[in-house]
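Examining the three-dimensional arrangement
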Amino acid sequence: MNKLFKAAVAAILSVCAICGVVFAAACTDPTPPEPNKNYYYVSILYPDGKGVKGVEVTLTPEDGSEGDDPYLTSSTDDNGKATFDITQYSDATRFFIEISRDNIPDSYSFLNTYSVKIADGNSLNVKLTRPTYESVKVKLNGKDDRQQYQPKAEFEAGYYELRCITNAFTVTDGDDEFPATFDLNEGYNVVIVYYTPGTIYDIGTAEGLEFEFIFNPINTTGASENDAHVISNELAAAIPLKAGQTVYFRNPAESSVPDDRGGSPVIVDGENFKCVTDGKEHDQSFPLAGGKIAAITTKDGKDGTAVVIFNSPSYKIDAEIGNEETLEIELLERTIKGNSETKTSLLWLTDVAKFTFTAERAGYYTITLVSDFESDKISISNIVSESSIVPKKITDADQSSNPYQATYFVSETNISDGRSKVFICDFESDGDYSSKKEGDKIIYKILIEYSETAPTV
């Protein structure tokens, strides 16, 4: 399947970079002084505030000369607190504090040395942290080359995304020792996986040979409709499921409100999957409207990996000058939120359909669009070459109509000096399809004719 991912979404990468934020190795919280000044307390805490038991902590005086012992050692109790008798030390004493890595899960990070002065307080709280993401650079020798990636030990089991906005990549979890449970070899920009520590991924490419992706934990579990994974265009997911287990995905509701980033219809496809949405069961490609929930199981309901792919609907045809081309567009019931009302209507499965043509010569190109739905209203919303050249419009229908016809002039300059001769046209419909039903298709005829001279009006 062809992957078209617009450069405009590169802005998303900036958002991801901001939201990713490099994690701090550990943090300490100011705490009220402990009541007994004869003791020093070091607490090791998980991010949620629970104590870490059995962690060895060592206090060493700065010069090693004060007191009878060269250092003090204690282990944390059930509450994560290590206690030290500091009766023999003065308030001016500065301690170096060292925290052992033993008994702290590999998935957590922390600073293992601190410098404290008794006069500044008699307790220290150390909170463990987790990494928020990992950035990985890929450099391949060819289209068939692969680079292995093993996430850091700090990452625990759970749902993660591999994301690269600038390059469609391929990924599988197999290696020489273990057979793959999935093989996403078409090329995607975002892939959701359930990561198990020790898993090694093979990363390939569907586009460039050098790129960078992020491995990022996501904050949904997919275990219920309220905690469903969020669908985006050009997304693939490889989900290991137990017999009878369901994972939920949510397509965000559509919105026509400016600056309100809503969802859009997607085509759901994949392997070894069954999906239930609105009570209907699917096990092959089908459209999913914005605002809908997709409940995914394996196809036979047994243990296995369900691979689910969410793609933007693509309605595009390459038109040959002088030949009438045909494009069929499916209708879908779509609910779109506006400023004052939410409206449900039968609409195209896509907002815009496309066709291309090649202008080999300078001259006049007349485009005629005809719908088999008599009351349809068609218009061309945009026309531009692959070199960003906009041809001059000579004649045009006054408004959306059926048939719709417009003429454009392509100059010699528009297609010379290395500029592309391929022009991309967007057309759309404002037709009322209330007499139709979901799943019906509208057939469009596209004819592009060339003339050296301007057409008579």
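Cut-off values and rules
Residues numbered from 1 in each chain as written. Predicted model: local features only at pLDDT ≥ 70, side-chain atom pairs only at ≥ 80, totals over all residues. Heavy atoms only, no water. Helix = DSSP H or I, 4+ residues; strand = E, 2+ residues; numbered from the N terminus. Buried < 20%, exposed > 50% of the residue type's maximum accessible area, 1.4 Å probe, protein only. Contact = heavy atoms within 4.5 Å. Areas by Shrake-Rupley, 256 points an atom, 1.4 Å probe, with all protein chains shown as cover. Pairing = 2+ DSSP bridges. Axes fitted to C-alpha atoms, helices over the stretch in contact; angles between N-to-C directions. Core = buried A, V, L, I, M, F, W, Y, C linked by side-chain atoms within 4.5 Å. Lys, Arg positive; Asp, Glu negative; His and termini not counted. Salt bridge = Lys/Arg side-chain N within 4 Å of Asp/Glu carboxyl O. Polar contact = N/O pair within 3.5 Å; in protein donor to acceptor, adjacent residues only side chain to side chain. pLDDT = per-residue confidence, 0-100. Phe/Tyr/Trp six-rings, centres within 6.5 Å; stacked < 30°, edge-to-face > 60°. Lys NZ or Arg CZ within 6 Å of the ring centre and 35° of its normal.

Within the chain, the secondary structure is distributed over one helix and 36 strands. Classification of the 457 residues of the chain by burial places 42% in the buried group. In the chain, once contacts between residues fewer than 6 apart in sequence are set aside, the share between residues at least 24 apart is 70%. Accessible surface for the chain amounts to roughly 23800 Å². Of this, 45% is attributable to carbon and sulfur atoms.

Here the focus is the sheet that holds strand β12 (residues 169-172). Spatial ordering of the open sheet is given by β10-β15-β12-β13, a layout of four strands whose pairing is antiparallel. Each having just a single partner strand, β10 (147-149) and β13 (183-188) make up the two edges of the open sheet. With strand direction ignored, the average angle separating the axes of adjacent strands in the sheet is 25°. Across four bridges, β12 lies against strand β15 (residues 201-205) in antiparallel orientation.

Further remarks concern the nonpolar core. Counting residues in each nonpolar core, the largest one holds 35 residues, and the members touching the most others are Phe355, Phe357, Ile367, Leu369 and Phe427. Elements with a contribution of two residues or more to this core: β28 (325-337), β29 (342-348), β30 (353-358), β31 (363-371), β32 (378-385), β34 (404-410), β35 (422-429) and β36 (441-451). Residues in contact with Phe355, not counting those within four places in the same chain, are Ile317, Ile367, Leu369, Ile380, Phe423, Ile424, Cys425, Phe427, Ile446 and Ile448. In terms of nonpolar packing, the next biggest core, distinct from the first, is built from 25 residues, Val138, Tyr160, Leu184 and Ala238 among them.

Position of Glu134 among the secondary structure elements: in strand β9 (residues 134-139). For the buried residue Glu134, which engages in no salt bridge, the nearest side chain bearing the opposite charge is Lys152, 4.6 Å off. A polar contact is formed between the side chain of Glu134 and the side chain of Tyr149, at a distance of 2.7 Å. Residues contacting Glu134, with those up to four places away along its chain left out, are Tyr149, Pro151, Lys152, Phe155, Phe213, Ile214 and Phe215.

This part takes up the pairing of strand β3 (residues 56-61). With four bridges connecting them, β3 and strand β4 (residues 72-75) associate as antiparallel partners. The residue bridging Leu59 from the neighbouring strand is Leu72, located in β4. Where β3 meets strand β6 (residues 94-99), five bridges bridge the pair, whose relative direction is antiparallel. Within the sheet, the bridge partner assigned to Thr60 lies in β6 and is Phe96.

As for its placement among the helices and strands, Glu412 is situated in the loop between β34 and β35. Accessibility expressed as a relative area gives 53% for Glu412, which makes it exposed.

It is worth spelling out the pattern of salt bridges at this point. Throughout the structure, instances matching the rule amount to nine salt bridges. Across the salt bridge formed by Asp426 and Lys354, the nearest N and O atoms sit 2.7 Å from each other. Placement of Asp426 in strand β35 and of Lys354 in strand β30 is noted, with a sequence separation of 72 residues between them. For Asp426, a relative accessible area of 12% corresponds to the buried category. Lys437 is paired through a salt bridge with Asp440; the nearest N and O atoms lie 3.2 Å apart.

Put simply, the chain has an average pLDDT of 87, and 89% of its residues get 70 or more. With pLDDT under 50 throughout, residues 1-33 is counted as low confidence; its partners more than four residues away or in other chains account for 56 contacts.

Moving on: unusual backbone geometry. Cis geometry marks the peptide bond from Asn402 to Pro403, where omega comes out at 0°. Mapped onto the secondary structure, Pro403 falls in the loop between β33 (392-396) and β34. Positioned with a positive phi, Glu234 is a non-glycine residue whose angle comes to about 60°. Locating Glu234 in the fold gives a position in the loop between β17 (229-230) and β18 (235-241). With relative accessibility at 7%, the residue Glu234 sits in the buried group. A positive phi angle, near 55°, is found at Asp278, a position not held by glycine.

Before going further, it helps to examine the sheet that holds strand β19 (residues 247-250). Strand order in the open sheet formed by five strands is β17-β19-β25-β22-β23, and the pairing between neighbours is mixed. Looking at which strands have only one partner, the edges of the open sheet turn out to be β17 and β23 (280-282). As paired elements, β19 and strand β25 (residues 293-297) share four bridges and run antiparallel to each other. What sits directly across from Val247, in β25, is Ile296.

So, on to the packing of aromatic side chains. Counted under the stated rule, the structure contains 22 aromatic pairs. Each ring, one from Tyr159 and one from Tyr194, has its centre 5.0 Å from the other, and the planes form 80°; the classification is edge-to-face. Here the residue Tyr159 occupies a position in strand β11 (residues 158-163), and Tyr194 occupies one in strand β14 (residues 190-195), the gap between them amounting to 35 residues. According to the relative accessible area criterion, Tyr194 is partly exposed, its value standing at 34%. Sitting over the face of the ring of Tyr41, Lys81 holds its NZ or CZ atom 5.2 Å from the ring centroid.

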